[in-house]
2 protein chains.
Amino acid sequence: MTIENLSVNKSFGGWQKQYGHHSKTLNCTMRFAIYLPPQASNGKKVPVLYWLSGLTCSDENFMQKAGALRIAAELGIAIVAPDTSPRGEGVADDEGYDLGQGAGFYVNATQAPWNRHYHMYDYVVNELPELIEATFPVSQQRSISGHSMGGHGALTIAMLKPERYSSMSAFSPINNPMTCPWGKKAFTAYLGKDKATWAKHDASELMRQATQFVPVKVDQGLSDDFLTEQLKPEVLEAAAKVSNYPLELNLHEGYDHSYYFISSFIEEHLRFHANHLNK
Amino acid sequence: MTIENLSVNKSFGGWQKQYGHHSKTLNCTMRFAIYLPPQASNGKKVPVLYWLSGLTCSDENFMQKAGALRIAAELGIAIVAPDTSPRGEGVADDEGYDLGQGAGFYVNATQAPWNRHYHMYDYVVNELPELIEATFPVSQQRSISGHSMGGHGALTIAMLKPERYSSMSAFSPINNPMTCPWGKKAFTAYLGKDKATWAKHDASELMRQATQFVPVKVDQGLSDDFLTEQLKPEVLEAAAKVSNYPLELNLHEGYDHSYYFISSFIEEHLRFHANHLNK
């Protein structure tokens with residue numbers, strides 16, 4: 001596995017870096033960002049928070065806008081932000097912002113033309129952590145978080161692989177993609193028409209049926225333009241009641257879908273993950 | 001004076017907003033951003049930090065990337081970020097990123113074709129504060145800060161109008177524009193060839209001759225690609241020694257010219273300004 005360093009910025013005593021590498025899983029060149037806190041320079045292996053971004057985003061949005069590096073530096077946590085889909089000229093795409101490049105939805109596509117490259121689930125669960133843990137001074141302690149489409153990704157991945165994650169969290173996640181326009185469009189394209197397959201990547205379905213619990217924290221703004229049609233936190237909440245999943249769901253008056261919301265509460269999420277990563 | 005609200009985002013209990021307005025000074029429509037901390041919603045008039053951005057930036061970069069709103073919310077300071085030049089189809093421009101739109105250099109242009117719109121000095125010193133103080137729950141206490149070209153702007157404006165600003169600060173400022181490529185190009189275009197005119201907008205020249213002192217803090221990364229050719233903090237430092245200006249200049253190993261640097265030290269700047277604004 002060879003990776004190429006693309007950029008380096010010192011921040012809060014640690015290092016924010018971008019790397020490019022050839023992904024076997026995605027069959028293309030991928031870019032990711034990593035923040036290594038100061039503790040990682042002192043021979044200590046630090047735990048990793050994986051951050052999954054939302055529609056149209058890349059590895060850059062979270063690192064630039066969330067205000068997370070200050071807290072990661074204090075807590076001694078690395079942050080890894082992958083891109084949101086396979087990329088490149090030979091990679092299938094769609095004119096919509098909500099399908100194709102920038103909209104991988106963290107599933108393994110089974111349908112043409114998407115199945116040639118769109119295996120973001122395997123990439124995030126397996127290939128990327130293997131690469132990170134082989135390359136950087138990090139431990140195998142992992143947590144996962146994300147925003148919107150990435151919130152869907154974080155919750156579903158952690159519930160599908162609870163043994164791999166100490167904790168999960170989300171900002172404004174797509175909680176029930178099987179029933180919302182974004183999810184129906186993407187799942188139809190990537191997974192076909194079989195709703196039993198969709199259910200395996202629906203956070204509310206997974207939470208309703210869960211028997212093994214991952215510590216979880218979800219924050220949602222009540223002035224979010226996508227709240228009612230696309231996000232549906234009430235469905236996740238109802239699912240948690242069925243399985244007695246210990247869901248912490250916080251609703252915030254006045255906050256919207258932007259990084260101005262995420263940055264306001266990212267500190268609470270990082271401290272939540274740190275508590276579980278350091279157990 | 002009529003202004004149009006263009007966007008609203010709740011952040012850290014306060015409000016980040018963008019407005020458009022017709023500027024008489026600049027003879028075009030301008031956009032600015034303002035962060036109103038929670039204290040401004042409680043009938044209290046809060047002081048204002050004006051932030052001047054660098055080349056190619058708009059009113060958005062600082063609000064999105066600096067991580068400043070958290071601290072402004074705690075300290076009860078409003079932040080106002082103007083655009084970096086006049087804008088629009090009828091406004092003169094240049095192919096270079098370092099002249100014309102996005103590169104107003106915070107001076108009043110005297111040379112054609114720039115003199116029709118490029119009066120950023122008057123806009124920042126007079127028209128914008130008048131508009132802000134007439135429209136929002138803010139006091140007439142002002143501080144000023146900025147980055148790179150905006151650092152030059154903040155230092156020169158506060159030294160030219162010391163009675164208007166409680167404190168000034170800068171990240172990676174262009175300290176001696178008269179002698180660096182960015183400054184020589186812009187000053188020649190906007191101000192003509194008379195170097196006596198240039199000197200009135202050169203932070204090092206102003207500091208060398210100063211008799212009235214504004215509290216000042218400057219931070220500079222030592223891995224900044226522009227350090228030697230464009231920024232020249234050593235010239236500012238030498239000037240401060242001549243006039244006994246109480247300059248606090250902090251040099252930081254490993255940090256570059258980006259917002260990853262600014263965000264690492266913005267908290268110290270906001271606390272510095274708060275101490276002087278609340279006297």
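Keep in mind that this is a model prediction, so the values were computed, not measured.

What counts, and at which threshold
Residues numbered from 1 in each chain as written. Chains lettered and ligands numbered in written order. Predicted model: local features only at pLDDT ≥ 70, side-chain atom pairs only at ≥ 80, totals over all residues. Heavy atoms only, no water. UniProt positions renumbered as here; feature names shortened; annotations may be inferred. Helix = DSSP H or I, 4+ residues; strand = E, 2+ residues; numbered from the N terminus. Buried < 20%, exposed > 50% of the residue type's maximum accessible area, 1.4 Å probe, protein only. Pairing = 2+ DSSP bridges. Right-handed = clockwise from strand over helix to strand, strands pointing away. Core = buried A, V, L, I, M, F, W, Y, C linked by side-chain atoms within 4.5 Å. Contact = heavy atoms within 4.5 Å. Buried area = accessible area lost by both parts, 1.4 Å probe. Salt bridge = Lys/Arg side-chain N within 4 Å of Asp/Glu carboxyl O. Polar contact = N/O pair within 3.5 Å; in protein donor to acceptor, adjacent residues only side chain to side chain. Nonpolar A, V, L, I, M, F, W, Y, C, P; charged D, E, K, R; others polar. Axes fitted to C-alpha atoms, helices over the stretch in contact; angles between N-to-C directions. Arc of directions from axis to C-beta. pLDDT = per-residue confidence, 0-100. Phe/Tyr/Trp six-rings, centres within 6.5 Å; stacked < 30°, edge-to-face > 60°. Bend = angle between axes of the 7 residues up to and from the residue. Least-squares fit on C-alpha atoms with pLDDT ≥ 70 in both.

Student: Help me out: how do you make sense of the UniProt feature "active site" (unreviewed entry) in chain A in this one?
Tutor: Residue and element names in this part refer to chain A. Mapped onto this numbering, the UniProt entry gives "active site" (unreviewed entry) at Ser 148, Asp 224 and His 257. A compact arrangement is adopted by the annotated residues: their sequence extent is 110 residues, whereas the largest C-alpha distance between any two is 10.8 Å. Here Ser 148 is to be found in the loop between strand E6 (138-147) and helix H4 (149-160). The exposure class assigned to Ser 148 is buried, which follows from its relative accessible area of 3%. Following the sequence through the fold, Asp 224 ends up in the loop between strand E8 (216-221) and helix H8 (227-231).

Student: What should I look at first to understand the pairing of strand E7 (residues 168-171) of chain B in this one?
Tutor: Regular strands show a simple pattern: their side chains alternate between the two faces of the sheet. Residue and element names in this part refer to chain B. With burial as the criterion, each face of E7 is covered, one bearing Met 168 and Ala 170 and the other bearing Ser 169 and Phe 171. In this sheet, E7 lies alongside strand E6 (residues 138-147) in parallel orientation, the contact comprising four bridges. What sits directly across from Ile 144, in E7, is Met 168. As for the winding sense of the linkage, the β-α-β connection from E6 through helix H4 (residues 149-160) to E7 is right-handed.

Student: How should the nonpolar core be read in this particular structure?
Tutor: Across soluble globular proteins, you tend to see nonpolar side chains buried next to one another. By size, the foremost hydrophobic cluster in this structure holds 70 residues, and its most contacted members are Phe32(B), Ile132(B), Ile144(B), Met168(B), Tyr190(B) and Met207(B). Each residue touching Met207(B), except ones within four places of it in the same chain, is listed here: Met159(B), Met168(B), Val216(B), Leu236(B), Ala239(B), Ala240(B), Ser243(B), Tyr245(B) and Leu247(B). Grouped together as the second largest cluster of nonpolar side chains are 69 residues, Leu26(A), Val48(A), Leu99(A) and Ala109(A) included.

Student: In this structure, what is going on with the interface of chain B and chain A? I would like to understand it.
Tutor: Reports of interface size often rely on the accessible area that becomes lost once the parts have come together. Counting from both sides, the interface comprises 23 residues of chain B and, opposite them, 23 residues of chain A. Summed over both sides, the interface of chain B with chain A buries roughly 1900 Å², with 47% coming from carbon and sulfur. Broken down residue by residue, the surface that chain B buries against chain A is led by Lys10(B), Gln64(B) and Tyr260(B), which jointly contribute 36%. Seen at the junction of chain B and chain A, the total is zero salt bridges. Where chain B meets chain A, there are 15 residue pairs in polar contact (both at pLDDT 80 or more). Listing elements by their share of the side of chain B that touches chain A, those giving two or more residues are strand E1 (3-11), strand E2 (14-23), helix H1 (61-65), helix H2 (69-75) and helix H10 (259-277) of chain B. A per-element tally of the side of chain B that touches chain A places H10(B) first, with five residues. Taken together, the residues of the side of chain B that touches chain A sort by class into eight nonpolar, nine polar and six charged.

Student: Any chance you could explain the sheet that holds strand E4 (residues 46-52) of chain A here in plain terms?
Tutor: Residue and element names in this part refer to chain A. With respect to topology, nine strands assemble into an open sheet ordered E1-E2-E3-E5-E4-E6-E7-E8-E9, the strand pairing being mixed. Only two strands of the sheet have a single neighbouring strand rather than two, namely strand E1 (3-11) and strand E9 (247-252). Across this sheet, the average inter-strand angle for adjacent strands is 20 degrees, counted without regard to direction. In this sheet, E8 lies alongside strand E7 (residues 168-171) in parallel orientation, the contact comprising four bridges. Bridged to Met 168 within E8 is Val 216. Strands E4, E6, E7 and E8 of the sheet are contacted by H4, whose axis makes an angle of about 135 degrees with E6.

Student: Please explain unusual backbone geometry as it appears in this structure.
Tutor: Leave glycine aside and you will find that most residues have negative phi; peptide bonds, for their part, are mostly trans. A cis geometry characterises the amide bond from Ala112(A) onward to Pro113(A), with omega recorded as 0 degrees. Summarising the element assignment, Pro113(A) is placed in the loop between strand E5 (78-82) and helix H3 (120-135). Of note, the phi angle at Ser148(A) is positive, near 60 degrees, even though the residue is not glycine. The residue Tyr106(B) is not glycine, and still its phi comes out positive at about 55 degrees. Considering the arrangement of structural elements, one finds Tyr106(B) in the loop between strand E5 (78-82) and helix H3 (120-135). Look at Tyr106(B) and you get buried, because its relative accessible area is 0%.

Student: Quick question: what am I supposed to make of helix H9 (residues 233-243) of chain B here?
Tutor: An α-helix turns once per 3.6 residues; consequently, residues spaced three or four apart project the same way. All names here are of chain B. Pro 233, Val 235, Leu 236, Ala 239, Ala 240 and Ser 243 are the residues of H9 that are buried. Down the axis of H9, the smallest arc covering the buried residues is 155 degrees, so these residues share one side. Exposed positions of H9 whose direction lies more than 90 degrees from the buried face are Lys 241 and Val 242. Elements in contact with the buried residues of H9: H4, helix H7 (203-209), strand E8 (216-221), helix H8 (227-231) and strand E9 (247-252). In the segment just after H9, Asn 244 is the residue with positive phi, at about 60 degrees.

Student: Would you explain the confidence of the model for chain A in this entry?
Tutor: The predicted coordinates ought not to be read in detail in places where the model reports low pLDDT. Of the residues in chain A, 99% reach a pLDDT of 70 or more, and the chain-wide mean stands at 97. Model confidence for the complex: the whole-complex pTM is 0.96, and ipTM, which rates the interface, is 0.95.

Student: Which parts of the structure should I look at to understand the packing of aromatic side chains?
Tutor: For any pair of aromatic rings, the description rests on two quantities: the centre-to-centre distance and the angle between the ring planes. Taken as a whole and judged by the stated rule, the model has 32 aromatic pairs over all chains. For the ring pair Phe213(B) and Tyr245(B), a centre distance of 4.6 Å and an interplane angle of 50 degrees mean the geometry is tilted. Here the residue Phe213(B) occupies a position in the loop between H7 and E8, and Tyr245(B) occupies one in the loop between H9 and E9, the gap between them amounting to 32 residues. For Phe213(B), a relative accessible area of 37% corresponds to the partly exposed category. Counting every residue linked through ring pairs, the aromatic cluster contains Trp51(A), Phe62(A), Phe171(A), Tyr255(A), Phe261(A) and Phe265(A).

Student: Is there a simple way to think about helix H10 (residues 259-277) of chain A in this case?
Tutor: Of all the bends found along H10(A), the most pronounced is centred on Phe265(A) and spans about 45 degrees. With 15 of 19 residues buried, H10(A) is to be regarded as a mostly interior element.

Student: Would you take a moment to explain the pattern of salt bridges for this structure?
Tutor: Oppositely charged side chains can form a pair if their charged atoms are brought close together. Residues and elements named next belong to chain A. By the definition in use, this model includes 24 salt bridges over all chains. With a shortest N-O distance of 2.7 Å, Arg 142 and Glu 133 are connected by a salt bridge. In this structure, Arg 142 and Glu 133 share a single accessibility class: buried. Salt bridges sharing partners connect three or more residues here, namely Arg 70, Glu 74, Glu 267 and Arg 271.

Student: Explanation requested: the sheet that holds strand E4 (residues 46-52) of chain B in the structure shown.
Tutor: Sheet strands associate in pairs through backbone hydrogen bonding, adopting either a parallel or an antiparallel arrangement. Reading across from one edge, E1-E2-E3-E5-E4-E6-E7-E8-E9 (chain B) is the order of the nine strands in this open sheet, with mixed pairing throughout. Each of the sheet's edge strands pairs with one partner strand only, and the pair in question is E1 and E9 of chain B. Each neighbouring strand pair of the sheet contributes to a mean axis angle of 20 degrees, computed without reference to strand direction. Where H10(A) meets the sheet, its contacts fall on E1 and E2 of chain B, and the angle it forms with E1(B) comes to roughly 30 degrees. Each of E4, E6, E7 and E8 of chain B is contacted by H4(B), which is oriented at about 135 degrees to E6(B), the strand it contacts most.

Student: How do you make sense of the relation of the copies chain B and chain A when you look at a structure like this?
Tutor: The two chain copies are related to each other by a rotation about an axis together with a translation along it. With an axial shift of 0.0 Å and an RMSD of 0.0 Å, the rotation relating chain B to chain A amounts to 180 degrees. What we have between these two chains is a two-fold relation.

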